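One-letter residues, chain by chain:
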Amino acid sequence: MTDLSQPVAAAESEAQPAGVAPPLWLLAELTYRCPLHCVFCYNPVNYTDHSSELDTAQWIDVLREARALGAAQLGFSGGEPLLRDDLEVLVSEARKLGFYTNLITSGIGLTDKRLDALKDAGLDHIQLSFQDSTQELNDFLSSTRTFELKKRVAEAIKAHGFPMVLNCVLHRYNLPHVDKIIDMALAMGAEYLELANTQYYGWAHTNRAQLMPTAEQLKEAEAVVERYRREIGERCRIFFVVPDYFERRPKRCMNGWGSVFLGIAPDGAALPCHTARSLPGLTFPNVRDMSLREIWYESDAFNRFRGFDWMKEPCRSCDEKTIDLGGCRCQAYLLTQDPANADPVCDKSPHHESVIRVVRAAAAREANEQPVLFRNDANSRRLAATHDDDDPTQGTRK
Amino acid sequence: MTESAMNENEAHRPKLRKLFRLQWEPAQDAHVLLYPEGMVKLNQSAAQILLRCDGTRELPAIVADLEQAFNATGLDADVRAFIAGAQSRGWLE
């Protein structure tokens with residue numbers, strides 16, 4: 001799975017209109033089911049509590065309503081979206097509606113037959129995830145034996161003429177392999193390579209102590225990326241998503257709450273960001289009960305952190321608030337227990353020390369002895385059952 | 001630029017890379033360029049140039065077509081500059 005929490009798009013006019021702008025980016029998380037069990041997955045740790053899935057007709061309604069609102073980009077994600085056998089039907093409908101359609105997949109289940117069908121349906125692009133450039137680490141991190149299969153799938157994607165973006169989530173274990181990961185992307189003919197440093201939500205937050213890299217690892221990896229960028233030019237564009245724990249200012253998360261991103265979870269819950277389910281005190285509207293227009297423009301959940309009125313100090317009076325919009329609400333909650341606080345990545349936050357501590361612990365490698373927790377149904381049920389409202393590390397509330 | 005490079009440039013027929021799709025977006029009241037997980041909103045002149053980068057026309061033909069369509073002259077330098085920029089951003093083949 002990938003993290004898409006960076007601003008999508010960037011329409012060239014940056015100015016925010018006075019009112020609420022329409023959504024641009026619809027993420028359809030078709031299912032939480034997944035053949036992989038990645039330790040850094042951003043899905044809610046209690047995803048097994050939300051296992052009822054929208055049916056084909058309900059998804060088609062979502063696509064039509066979102067397109068009518070103005071959404072132009074559509075990601076089919078999950079979980080593994082290929083586990084839905086109506087994926088081709090949904091892609092076809094989406095393409096007819098005028099969406100740019102992105103399939104975000106592990107590649108497991110992407111047979112030649114399905115590639116043919118997706119091509120016929122008009123799919124625009126496939127983003128394929130790898131966990132590493134080596135079979136050992138790829139297979140360990142996903143708790144599967146999938147590396148060789150993924151390599152064959154990458155070839156098949158190119159053979160079918162799809163633009164391909166390779167995505168690899170980075171962390172302590174694979175940062176030293178960045179050169180090999182880039183070589184792999186080049187050899188596979190990927191148009192873009194997204195090197196996404198782990199963002200610590202969901203399962204990644206649970207495994208944070210094990211995944212957190214050191215500052216030296218990051219510095220070296222960035223230097224490698226820079227060197228490749230100079231050498232390869234336009235052949236493959238490399239994105240390097242910086243891990244924000246190492247920054248002093250927070251990211252402009254989702255380009256603003258309820259600003260461009262509209263996520264629909266497998267059960268129909270509408271989310272202003274991928275990981276919003278972890279936030280307390282918010283009831284997320286469901287497409288089964290409410291129109292998307294009402295959800296986007298009128299629901300409490302989507303309006304809660306729009307604009308600046310919700311901010312507390314130090315954000316409220318900060319002259320940089322229009323740049324980063326206070327950072328990430330989920331991170332503020334996970335690290336300070338209050339989603340309206342400043343994202344503690346910011347060194348103006350009184351909680352910034354909590355971020356520093358995590359980075360220091362990683363440097364001291366205090367955490368290596370703990371086992372990682374794989375994303376699977378048994379672990380999810382256990383985490384959901386032992387869920388404690390006072391413990392934000394346990395992720396999503398029921 | 002050498003003469004042969006110049007000739008090669010003149011003979012080139014710019015075309016959007018297959019990663020990109022150009023379309024009219026009513027909600028934006030503008031043409032946009034869509035690509036994996038991203039979108040660029042185009043102003044009118046950018047859109048009119050890119051609409052003609054369809055792989056069938058050489059650069060001088062694109063300029064002539066635009067000058068005719070907009071009843072203008074002297075667009076050559078602007079169009080060339082835009083196309084060079086679009087190439088460096090990876091939009092065009």
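Further up the page is the structure itself.
Residues numbered from 1 in each chain as written. Chains lettered and ligands numbered in written order. Predicted model: local features only at pLDDT ≥ 70, side-chain atom pairs only at ≥ 80, totals over all residues.

Q: Explain the overall build of chain B here, please?
A: For chain B, the helix and strand inventory stands at four helices and three strands. Along its sequence from the N terminus, chain B presents helices and strands in the succession α-β-β-β-α-α-α. For chain B, buried positions account for 25% of its 93 residues. Sequence separation of 24 or more characterises 46% of the internal contacts of chain B that already satisfy a separation of 6 or more. (Helix = DSSP H or I, 4+ residues; strand = E, 2+ residues; numbered from the N terminus. Buried ≥ 20, exposed ≤ 12 C-beta atoms within 10 Å, placed from the backbone. Contact = placed C-beta atoms within 7 Å.)

Q: Just checking my understanding: could you explain the environment of T48 of chain A for this structure?
A: Among the structural elements, T48 of chain A can be located in the loop between strand 1 (25-29) and helix 1 (56-69). Once residues lying within four places of it in the same chain are set aside, the contact partners of T48 of chain A are D377, S380, R381 and A384 of chain A.

Q: Please clarify how the pairing of strand 3 (residues 38-41) of chain B should be interpreted in this entry.
A: The side chains of a regular strand alternate between both faces of the sheet. Residues and elements named next belong to chain B. Two elements, strand 2 (residues 30-35) and strand 3, share four bridges in a ladder whose sense is antiparallel. Its bridge partner lying in strand 3, V32 is registered against K41. Counting the residues in the hairpin turn of strand 2 and strand 3 gives two residues, including E37, whose phi is positive at 60°. (Pairing = 2+ DSSP bridges.)

Q: Looking at this model, I keep getting lost on the nonpolar core. Mind explaining?
A: Note that soluble globular proteins tend to have their nonpolar side chains buried in a common cluster. Within the largest apolar cluster, 127 residues are counted, with the highest numbers of intra-cluster contacts made by A28, M164 and L166 of chain A. The contacts of M164 of chain A, once residues within four sequence positions are left out, are I126, L128, A154, I157, K158, A190 and E191 of chain A. (Core = buried A, V, L, I, M, F, W, Y, C linked by C-beta atoms within 7 Å.)

Q: Hey, could you run me through the sheet that holds strand 2 of chain B in this one?
A: Pairing between sheet strands relies on hydrogen bonds along the backbone, with the strands arranged either parallel or antiparallel. All names here are of chain B. As summarised here, the arrangement of the three strands in space is 1-2-3, forming an open sheet in which the pairing is antiparallel. Strand pairing shows two members of the sheet lacking a second neighbour, strand 1 (21-25) and strand 3, which therefore form its edges. Averaged over neighbouring strand pairs, the angle between their axes works out to 30° when direction is ignored. (Axes fitted to C-alpha atoms, helices over the stretch in contact; angles between N-to-C directions.)

Q: Just to check I follow, could you spell out the interface of chain B and chain A for this structure?
A: Interface size, as often reported, equals the accessible area lost upon joining of the parts. Contact with chain B, which involves 15 residues of that partner, is made by 25 residues of chain A. Counting residues per element, the ones that place at least two in the side of chain B that touches chain A are strand 1, strand 2 and strand 3 of chain B. It is strand 3 of chain B that contributes the most residues to the side of chain B that touches chain A, four residues altogether.

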